[in-house]
Amino acid sequence: MIRSFGGPWPALPLSASFRIDVEAPPPAAPADIEQEITHLWQQACATTPALFNGCVFSASCVTRTAIKGYWTEYRRVFAQMKNPALFSFLRLQPLAVVGLVHTPDGYVLGRRNPSSIYQGNFWQSPPAGSIEKRTNTQNVNLAEQILAEATEELGLNAKSLQVGQPLMAVRHPHTRVLDIGLVLETQLAFTKVEESWKQHANKEYDMLACVPAQDVTTWLGQNAILPTSQYLLQHDVKSRMPRTL
């Protein structure tokens, strides 16, 4: 369970010593539940053949200092999203990373493509995406995960980005997705980031915008920005404000 504070999407600040521990997966679900998972997945694949049943990470226990969880099939997470009643049996809380890129010109926001399966048309701070098993190791490396998303969604590589410490865990109320939010620094001007996005990135976002720190409050009031990105923006702007005695 998350001990949380404020807002419709509960957010938990993470400690400087935060870690992710990998456990063995729980026993298989009852046969009728597995049949429902298979049915929903086959139905979705018939409509969207490009769907891929990868290996994603699900949390079983969340505190400020650690998340415990295990690797599971994406099709199980997908089925629970389609049929929330399955949560009573599966108890899946899939982990995702959400990064906020800070450039010398301001913060990078992207509008999610209207064709996105989840959260289309909303503004978000890229890079963002599910924590996936990208190598043979069982461990979860948040820096590797967010940098892989940055390459896919912005066309940026590790040489141009510095990854900060995980700051918060934010829960999506209906899907039980848990976002791990962190800030990335780049010395690239926003125009260079946008150029890289246009030339090398996938179609996750159909528009990018640069939001200077002084315009963040206005942006939050005028645009549909996903809560995790809102929290990251508010946190980072506040952290950069000069301290007075």
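That block above? That's the structure.
What you see is a predicted model, and the numbers here were worked out from it, not measured in a lab. (Residues numbered from 1 in each chain as written. Predicted model: local features only at pLDDT ≥ 70, side-chain atom pairs only at ≥ 80, totals over all residues. Heavy atoms only, no water.)

Caption draft 1: Seen up close, unusual backbone geometry. A cis amide bond links Pro126 with the next residue in sequence, Pro127, at an omega value of 5°. In this fold, Pro127 is placed in the loop between strand E7 (123–124) and strand E8 (128–130). Positive phi values are uncommon outside glycine, yet Arg91 reaches one of about 55°. Turning to its location among the elements, Arg91 is positioned in the loop between helix H3 (87–90) and strand E5 (95–103). When its relative accessible area of 48% is taken as the criterion, Arg91 is described as partly exposed. A positive phi angle is found at Arg176, which is not glycine, with a value near 70°. With respect to the helices, strands and loops of the structure, Arg176 is situated in the loop between strand E10 (168–171) and strand E11 (178–185). Exposure remark for Arg176: the relative accessible area of 25% places this residue in the partly exposed category. (Helix = DSSP H or I, 4+ residues; strand = E, 2+ residues; numbered from the N terminus. Buried < 20%, exposed > 50% of the residue type's maximum accessible area, 1.4 Å probe, protein only.)

Caption draft 2: A look at the pattern of salt bridges. A full pass over the atoms with the stated rule returns 10 salt bridges. Taking the shortest distance from any N to any O, the salt bridge between Asp21 and Arg19 comes out at 3.0 Å. Assessed through its relative accessible area of 22%, Asp21 is described here as partly exposed. What makes Arg19 partly exposed here is its relative accessible area of 44%. The salt bridge partner of Arg240 is Asp236, with a shortest N-O separation of 2.5 Å. Residue Arg240 and its partner Asp236 are located together in helix H7 (residues 227–240), separated by 4 residues, close to a single helical turn. Accessibility expressed as a relative area gives 37% for Arg240, which makes it partly exposed. (Salt bridge = Lys/Arg side-chain N within 4 Å of Asp/Glu carboxyl O.)

Caption draft 3: Structural detail: the pairing of E11. Most of E11 sits inside the fold, with 7 of its 8 residues counted as buried. With 8 bridges joining them, E5 and E11 adopt parallel strand pairing. Following the sheet pairing, His102 is matched in E11 by Glu185. Where strand E9 (residues 162–163) lies against E11, 2 bridges are found, and the strand directions are antiparallel. (Pairing = 2+ DSSP bridges.)

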